[in-house]
Every structure is written in structure tokens, then in C-alpha cells.
Amino acid sequence: MTAPEPLPRTIRFDVFELDARAGELRRDGARIKLQDQPLHVLEMLLERRGDVVTREELQRRLWPSDTFVDFEHGLYNAIKRVREALGDSAENPRFIETLSKRGYRFIGTIDLSESAPAAHVAAVESIAVLPFINLSSDREDEYFADGITEEIINALAQIEQLRVVARSSAFSFKGKHVDPRTVGQELNVMRILEGSVRRAENRLRVTAQLIDVQNGYHRWSERYDRELKDVFKIQDEIARAIAERLKITLSGAGKKPLVKAGTESVEAYKLYAKGRALLYRRGGAIRTAVECFERAVAIDSEYALAWAGLADSYTTLGYYGLARPEASMPMGMEAARRAVALGPSLAEAHNSLAMAALMGAWDLAEAEREFLLAIKLNPTYIQARDWYGLFYLQFAQGRLSEGAEQAKLALASDPLSSYAHAIYGMTCTLAGRRAEGIEISRRAVELDPDSYLARAMLQFDLHAGGELEESVTVGESALAMSGRHSWSMATLAVCLADLNKPADADAIYQEMLARGRRQYMPPALLALAASGAGRADEAIAHAREAYQIRDPHCESFLSRYFDFPRRLYGDPRFREIVDLMAPWGTAPPGLSRQ
């Protein structure tokens, strides 16, 4: 055991500073609010850095007069608060490691120098992989270049000693010429990797450069002239070259490829990359994504990632209200099970199955099991954390604070992602932190003004926060950019009713009914709009239909854990329908548990 060393006035690790005498924790010079007990726990862990600090030692020093029960509760909360302040997680710790039934250990690298400038104390090597530039004449190769970038990000993320910025934040710089120092500051990284891709028939040229953000120095560069079929080998070689230049030792699995191709067909891979890029856009692009994934699995029926993408597309079609659930959800479940069977170690596959089980089969037990497995397999997989936090923890289980914590962890890994901000803003609102939710959702719109999802989330958050006039304004802009999507129409009808404009709310409802005579309109959203229009009996009829067909929107708008809109939840007939939703998994041929 290392003997405790007296802490200097300032102890630095990563971007944090602990001033032991002042009792302050700071990030990049800004003070972080942390209560005394969590601060003392952090101080003790730093004193014994690298060693296990047992629960008994913590109790003797920090809870000498408390009962054992009080200590257990206090220690749990203290560790939780420290992790929140550091943006750390128990599943994928960067600073505080839990040793089950024993204690905790500080695993970060610290700088004990009193005078060392903060700019030189990053504890863990960090990198952002910027979107590789497509230099091919075919514009379709843009998706191919993006796919190569994403594969390199995923490969580097497997290296334990390397912090890798998630895709959305890295791709926020796509098409922009920016100074490396700007990227380093905005993403809080020490290095960036940039490159280009040029394809000519069956030949491929990939260039890559590793750059230090502080001085713009090129630490490594390479050009790969290969056959197109060698694309996966090139990605693996780039990831390994970076680890070598940063003097990072790969784990025992270092002999294994960091890039797992999943298919030998370059054409199937290109279709998968295009499908994922389109799926990120949501809206009408989802249908085109389905076509890409279907063509990919037709070329290679053993391509697990493509099956996972197909599952996500079918499920997303359902909860975006673009297809009837009876058609899309079973296909999503079938594709997800195929993905898991072919790729049992893929986080993407288990996350797809979790969402299909939750939204389509209404099987909470399988959803939780698969979400947790996906996060365990890849703790930095943003979509898994966000879906688990919002859809499962909050909507399905009512564990509102826990859901917000998961979304916060996702945002920490993807700090410039409009999507991650939008989901976190929503989770904050549902957890009762409405002002914070609005602020974060505003940031989501700033990051991507063209994102319908960001505007729809802000519209909802503003309504929940009582900012009704602005909610209407944002809702109108969301409708204009989305082709009048049903989410924003229903929310707008409710908001207009709350502004005492029932005629305007009814006009929205009538528009939704008219569209429903030509195409599918989710009955759960019709129920919301009908309630805003003051048509209570019609609202109940739509809600009954939503339950009977397993409309995925039931999972959110028929949740017992938040009452939106209140006038609908005030109807005892609606409460009866909501009661049927818990526990999920019961067959809904009619409104009876019998």
C-alpha cells in the first residue's frame, strides 16, 4: 500500500484541479459545485491514488459517528456526486473505479506539480477523428468516406488508454476548414486525425495525418494505395499506427484486428455506411435507409451490422409515425434477433434488439437486459445510453433522475452533438429540471439549426416550462421544416388549447384527421390533438385504438409517469387505458387484462 502523501495546494488531473486548502474542485478554472462530503471522498482517493481505499477506511475517516446504514447511503451518494462532477461513470470509469464489496480506487493520472500549467496535464491521451474528405468524382462516395471515418472512430474507441470523441461531435466539423487549436479547445482533445479518401474503380487511396492541437505539429502521416477490398485493413493499420505514435500499449487483445469488417463485400459495406448516414438524418430519409440496409443484407446475409441498421430503421419508422406498427415493428424485431445471432458481441445489435423489444413487443425485461448489455459492450455508444435513459428509464419505468444521468453521460462523450443535447434536454424536463431542459434544448438547435428533432424537443420543453407563446413559434418552425410532422402538430394543438385558443387547436386536429384518411396517422397523437380541441370522446377513442394496435407512441404519451396533456390525464377513462400499460407485455386484443 502506498503511504498517504500530503496533497499540494493544487492537484491536477485531466482538465480538473482540486485546491485542497480552499476545498474547491475546478474544471478549466471554473468552480464546480461539490458538497463537503463528496469533496473529502475525492481528496482521500487522490491521496491514495492507484491504491484501493476500502469502504471501512472511508467510514472510519469520514463517517466516524454514523451508523452503518447511514454510511452506506452516504457513501453511495458521495461517490455518485463525485462522478457527476467529473463526468465519470461506473460502467466505463476514467477516474474512479469500483471494486465490488471492497472499495474504490482513483485510476487517473495526476500532476502533483504546484506550478504545472493546466494545459499540460491531460491524464489520458485524447483524439478527435474529423470526417475524411471525399476526393472521388462520385458523390455517392461521400457516404463511403464517412463510413471509413466512423470505423476508425470505433476502432480507436476500443483502446482503453485513449479517449475518443464520439461521431456526432467530430462530424460537426464536416465541410469546415478549422484551425486544429479550435478543434482541440471545443472538443477538449490533444490530437486530431484528419484525412482524405479517393476511389477510382477498384483502387483506393487513403491519406491520414495525426496532428497535435497545441502547435499544429504533424506527428504522423501516411498514404495508402491499395485495392478497394483492402479498405478494412487500411482502417486497422491507421488505428494501430496512432496507438504506436502515442506510445499506447494495446491490451492482451492487441493481436486481434481493431476493425472487424463484418463483411467481405465492399458494396454491402458502402450500402451500410450510406444507410447509417441517412438514418442519422431521421424524417423521410429513414425510408431510404431501409432500402440501403435491405440491399446490404441481400448482398451479404451474414452482415450483422447491416441487420442491426435495418432493425433500427424499421423501429424508427414506427416511433416516427411513418409506418403502421403492425407492419414495421415485427420486422424490426426479426432483423434485431438476426443481428444478435450473427454478432453477439456487437453493441449495435443488442441495442437494436432492446429498442425493438421496448417499442414493438412491449417486453420491458428483454429491453432492459439488452440495453445494459449494449452499454457494457460499448460504454461510449451514444444511442444506447440515450435510448436507455429516455425511453426505458424515464418513459417506461419512471426513474426520471436516472434517465437524465444516462443522457448526461452520453452528452459528455459527444459534447457537440445536437442529438445528444436534444435528448438530454428532454430528460431534464421530464426529471423536473425544466429551465435546464429548455437551455440545453436551445443549445441543440444552435448546434444544428436544420435538425427537426432538436426543434421538436425544444417545442415540448418550452411548453412544459410554461413558455407557451415561444413553444408555438418553435412548433410552427418545426412543422415548416418537417413537412408538418405529427409530433409537432399534436404538441401545437395542446399548446394552443392551453393558450385558450380551442378553435386553432381544433383546426390542427382536423388537419391531422384529414391526413389520416390518406395515410397512417398515429392514434396516440390524434388523442393528444383531440384533447386540445376539446373533443374528449374522440380523444378516448383514439387512445383505445393506440393501445390496441400497440402504437409505439403509447410508450411515451400513455406513460403513467408524466401527464401530457393534463386535460387528457384528468379523464378517468384515459387513466383506465394508462393503467393497462403497466406492466407492459400483456396482449392488447381489447381493453381487458382477462
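What counts as what
Residues numbered from 1 in each chain as written. Predicted model: local features only at pLDDT ≥ 70, side-chain atom pairs only at ≥ 80, totals over all residues. Heavy atoms only, no water. Helix = DSSP H or I, 4+ residues; strand = E, 2+ residues; numbered from the N terminus. Buried < 20%, exposed > 50% of the residue type's maximum accessible area, 1.4 Å probe, protein only. Contact = heavy atoms within 4.5 Å. Areas by Shrake-Rupley, 256 points an atom, 1.4 Å probe, with all protein chains shown as cover. Lys, Arg positive; Asp, Glu negative; His and termini not counted. Charge placed at Lys NZ, Arg CZ, Asp CG, Glu CD. Axes fitted to C-alpha atoms, helices over the stretch in contact; angles between N-to-C directions. Parallel < 35°, antiparallel > 145°, perpendicular 65-115°, else oblique. Left-handed = near helix turned anticlockwise from the far one by under 90°. Nonpolar A, V, L, I, M, F, W, Y, C, P; charged D, E, K, R; others polar. Core = buried A, V, L, I, M, F, W, Y, C linked by side-chain atoms within 4.5 Å. pLDDT = per-residue confidence, 0-100. Expected span 1.5 Å × (residues − 1). Arc of directions from axis to C-beta. Pairing = 2+ DSSP bridges. Salt bridge = Lys/Arg side-chain N within 4 Å of Asp/Glu carboxyl O.

*Asks:* What exactly am I supposed to notice about the overall build of the chain here?
*Replies:* Helix and strand counts for the chain come out as 26 helices and 14 strands. Counting only C-alpha atoms, the chain reaches 75 × 70 × 45 Å along its principal axes. For the chain, the proportion of its 594 residues judged to be buried stands at 57%. Taking the contacts inside the chain whose residues are at least 6 apart along the sequence as the reference set, 60% of them involve residues at least 24 apart. For the chain, the exposed area adds up to about 25600 Å²; of that, 49% sits on carbon and sulfur atoms. In the chain, the 75 positive side-chain charges and the 83 negative ones have mean positions that sit 1 Å from each other.

*Asks:* Teacher, can you tell me more about the packing of helix α16 (residues 418-430) against helix α18 (residues 452-464) here?
*Replies:* The geometry of a pair of packed helices is captured by two quantities: the angle between their axes and the separation between those axes. In the contact formed by α16 and α18, the axes pass within 9 Å of each other and the chain directions differ by 20°. In terms of axis orientation, α16 runs roughly parallel to α18. Here the hand of the crossing between α16 and α18 comes out left-handed. Along the contact surface, α16 presents Ser418, Tyr419, Ala422, Ile423, Gly425, Met426, Thr429 and Leu430, while α18 presents Leu453, Ala454, Met457, Phe460, Asp461 and Ala464. Here the residues of the contact of α16 with α18 are counted per class, giving 10 nonpolar, three polar and one charged.

*Asks:* Would you take a moment to explain the nonpolar core for this structure?
*Replies:* Nonpolar side chains in soluble globular proteins tend to end up buried together. Counting 162 residues, the largest nonpolar core has Leu156, Leu193 and Ile238 as its most contacted members. Residues within four places of Ile238 in sequence aside, it is in contact with Ile152, Leu193, Val206, Ala208, Trp220 and Tyr224.

*Asks:* Looking at this structure, how should I read the confidence of the model for the chain?
*Replies:* If pLDDT is low for a region, its predicted coordinates should not be looked at in detail. Put simply, the chain has an average pLDDT of 86, and 90% of its residues get 70 or more. When mean pLDDT is compared element by element in the chain, helix α21 (residues 502-516) scores highest at 97, while strand β8 (residues 110-111) scores lowest at 71. Low pLDDT (under 50) marks residues 1-6, which in the prediction has 10 contacts with non-local residues, meaning those over four places away or in another chain. Overall, residues 114-123 carries pLDDT values under 50, and its contacts beyond four positions in sequence, including any with other chains, amount to 18 contacts.

*Asks:* Explain the packing of α16 against helix α17 (residues 434-447) to me, please; I cannot follow it from the model alone.
*Replies:* Direction vectors running N to C along α16 and α17 enclose 165°, while the axes themselves pass 7 Å from each other. With respect to α17, the axis of α16 lies roughly antiparallel. Where α16 crosses over α17, the two elements pack in a sense that is left-handed. The residues of α17 that touch α16, namely those facing Ser418, His421, Ala422, Tyr424, Gly425, Met426, Cys428 and Thr429, are Arg434, Glu436, Gly437, Ile438, Ile440, Ser441, Arg443, Ala444 and Leu447. The class makeup of the residues in the contact of α16 with α17 is eight nonpolar, six polar and three charged.

*Asks:* Explain helix α9 (residues 285-299) here, please?
*Replies:* Residues three or four positions apart in an α-helix share a direction because the helix packs 3.6 residues into each turn. The terminal C-alpha atoms of α9 lie 21 Å apart, and with 15 residues this matches the ideal 21 Å at 1.5 Å per residue to within 8%. If you check which residues of α9 are buried, you get Ala285, Ile286, Ala289, Val290, Cys292, Phe293, Ala296 and Val297. What you see down the axis of α9 is that its buried residues fit within an arc of 165°, all on one side. Elements in contact with the buried residues of α9: α8 (266-281) and α10 (304-319).

*Asks:* Can you help me understand the sheet that holds strand β5 (residues 53-54) in this one?
*Replies:* Sheet architecture is open: three strands sit in the order β5-β7-β6, paired in antiparallel fashion. What marks the edges here is a single partner per strand, and that holds for β5 and β6 (96-99). As paired elements, β5 and strand β7 (residues 103-106) share two bridges and run antiparallel to each other. The residue bridging Val53 from the neighbouring strand is Tyr104, located in β7. Its contacts with the sheet place helix α1 (residues 36-47) against β5, β6 and β7, and it is angled at close to 65° to β7.

*Asks:* So what exactly am I meant to see when it comes to the environment of Glu97 here?
*Replies:* Examined against the element boundaries, Glu97 turns out to sit in strand β6. With relative accessibility at 25%, the residue Glu97 sits in the partly exposed group. C-alpha separation for the pair Glu97 and His421, spaced 324 residues apart in sequence, amounts to 27 Å. With residues near it in sequence (within four places) discarded, Glu97 still touches Arg83, Gly103, Tyr104, Arg105 and Ile107.

*Asks:* Honestly, the pattern of salt bridges in this entry has me stumped. Any pointers?
*Replies:* When the charged atoms of two side chains lie near each other, side chains of opposite charge can form a pair. Taken as a whole, this structure holds 38 salt bridges when the rule is applied. Of the charged contacts in the structure, one is a salt bridge between Asp537 and Arg573, with a shortest N-O distance of 2.9 Å. Here the residue Asp537 occupies a position in helix α23 (residues 536-549), and Arg573 occupies one in helix α26 (residues 572-580), the gap between them amounting to 36 residues. Salt-bridge contacts for Asp571 lead to Arg573; the nearest nitrogen and oxygen are separated by 2.9 Å. One continuous salt-bridge network, built from bridges that share partners, spans Asp138, Asp141, Arg199 and Lys270.

*Asks:* Which parts of the structure should I look at to understand the pairing of strand β9 (residues 125-129)?
*Replies:* β9 sits mainly inside the fold: five of its five residues count as buried. Relative to strand β11 (residues 162-164), β9 runs parallel, the two being bridged by three bridges. Within β11, the position partnered with Ile127 by the bridge is Val164. Here three bridges tie β9 to strand β12 (residues 191-200), and the two strands are oriented parallel to one another. Within β12, the position partnered with Val129 by the bridge is Leu193.

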